[in-house]
Each structure stands twice: as structure tokens, then as C-alpha cells.
Amino acid sequence: DGGGGGLLLYKCLSAPLVALKMNEAGVIVGSFEVLPHVISGELLGSNHSGKPPDSISAPYLHFQELGSRRDLHTNTFTHRFACVGKSTRTNQPKLLLVEISEESVNVAELPWPGEGSSSNGGTMEGLVCLSGPVLKRKRGELNTNTNTNTLYVLLHQLTYEKF
């Protein structure tokens, strides 16, 4: 549609995460699965140790939109968000990066310090996302070329610590 919108995510506790495609009038015109109830470790690739990561399961929580981008060559949009699932082996929270386009859904586990828990028995309570444009200077002036836009994203976990 050229606008980059038209997706509404629908989640429930014991089912896959589904994206509903909507037209400009807000009518649902289709749907597709974004995340299955359980994501196998093999689909996530290898982690920093070279071994397949744990499988990650729903419920997926703490959604944070990380922005969208349009490919100028194909005029397709990619939407990015982060969310938290849980390890099927340890039941610990796991941070996921999800990219949705018209052609595919890509998922990766993001490493983070402490993996959502601490030695004091703390728990991961949520995520906060801050983002903004990276402004580049060219000979003392701001770069206004819109084809070179860069976005920084800061994703922070909120934890509850027991002392």
C-alpha cells in the first residue's frame, strides 16, 4: 500500500502470534503466523558458544516496536519489534528480535547480560525502547539526504531484584 502500515498483531497465551493484514478502511483482508507457540533452537541458529540455543515458547510478552523501513528497490516494508519469550529448558526469559516483511518472517535471539535474571533471584519485568535518527554532519552542516537515514535503537530490560 506504500504506507508501511496495515498489520495488527494478535496474541493469546497458548497459540501462535498472528499478524492480521488490514486494508486502508481497517478491514481484515488476511492473516499469517508470525511466531509459532514454540520456536525450535535450530531455527534460531547458533549462540555465542556455537551450540544451538534453547527452544523458546509463548507466551510472548513485553512487545517493543523497533521501527519500519522501506526497500527503495522493491517498495516493500520491513517491520521490526522485540519481545520476550521463555526458554523451554530453563523457563528463563529470552529476548527476541523479529522482522516481518511481505515475503518473510525472521527471528533471532538477542543476547543480553544476565539473560533476564540475577543471582539475587530477580526477574525480568519489561522492556523499554528509545530510538531516534542518527544525524550526520558534512562540512559543518547537517546531512539532509533522506536516502542515508540511520536510526539508533536502545533496548533496556527492566528487572526486579530481591535483596
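Residues numbered from 1 in each chain as written. Predicted model: local features only at pLDDT ≥ 70, side-chain atom pairs only at ≥ 80, totals over all residues. Heavy atoms only, no water.

1. Comments concerning the sheet that holds strand E4 (residues 38-39)
Taken together, the five strands give an open sheet; going across it, the order is E4-E5-E6-E7-E8, and neighbouring strands pair in antiparallel fashion. Taken across any chain shown, the strands that pair with only one partner, and hence form the sheet edges, are E4 and strand E8 (105-110). (Pairing = 2+ DSSP bridges. Helix = DSSP H or I, 4+ residues; strand = E, 2+ residues; numbered from the N terminus.)

2. Comments concerning the environment of proline 36
Tracing the backbone through its elements, the reader meets proline 36 in the loop between strand E3 (28-35) and E4. Taking the C-alpha atoms as reference points, proline 36 and serine 14, 22 residues apart in sequence, are found 9.9 Å from one another. When residues no more than four places from it in sequence are discounted, the contact partners of proline 36 are Pro16 and Tyr60. (Contact = heavy atoms within 4.5 Å.)

3. A closer look at the sheet that holds strand E2 (residues 17-22)
A sheet is described by the order of its strands in space; here three strands give the open sequence E1-E2-E3, paired in antiparallel fashion. With partners counted over all chains shown, the strands left at the sheet margins are strand E1 (7-10) and E3, one partner each. On average, adjacent strands in this sheet sit at an angle of 25° to one another, irrespective of strand direction. Across six bridges, E2 lies against E3 in antiparallel orientation. For leucine 17, the partnering residue across the bridge sits in E3 and is leucine 35. (Axes fitted to C-alpha atoms, helices over the stretch in contact; angles between N-to-C directions.)

4. Examining the pattern of salt bridges
The full count for this structure, using the stated rule, is three salt bridges. Here arginine 80 and glutamate 99 are joined by a salt bridge, their closest N and O atoms 2.6 Å apart. Taken together, the residues arginine 80 in strand E6 (residues 76-87) and glutamate 99 in strand E7 (residues 93-101) connect sequence positions 19 residues apart. Classification of glutamate 99 by relative accessible area gives partly exposed; the value is 22%. For the salt bridge of glutamate 109 with lysine 94, the shortest nitrogen-to-oxygen distance reads 3.7 Å. One end of the pair, glutamate 109, is in strand E8; the other, lysine 94, is in strand E7, and 15 residues separate them in sequence. Like lysine 94, glutamate 109 is buried. (Salt bridge = Lys/Arg side-chain N within 4 Å of Asp/Glu carboxyl O. Buried < 20%, exposed > 50% of the residue type's maximum accessible area, 1.4 Å probe, protein only.)

5. Examining the nonpolar core
Within the largest apolar cluster, 14 residues are counted, with the highest numbers of intra-cluster contacts made by Val34, Leu35, Tyr60, Phe81, Leu96 and Val98. Leave out the neighbours within four places in its chain, and tyrosine 60 touches Lys11, Leu35, Pro36, His37, Val38, Ile39, Cys83, Val84, Gly85 and Leu96. (Core = buried A, V, L, I, M, F, W, Y, C linked by side-chain atoms within 4.5 Å.)

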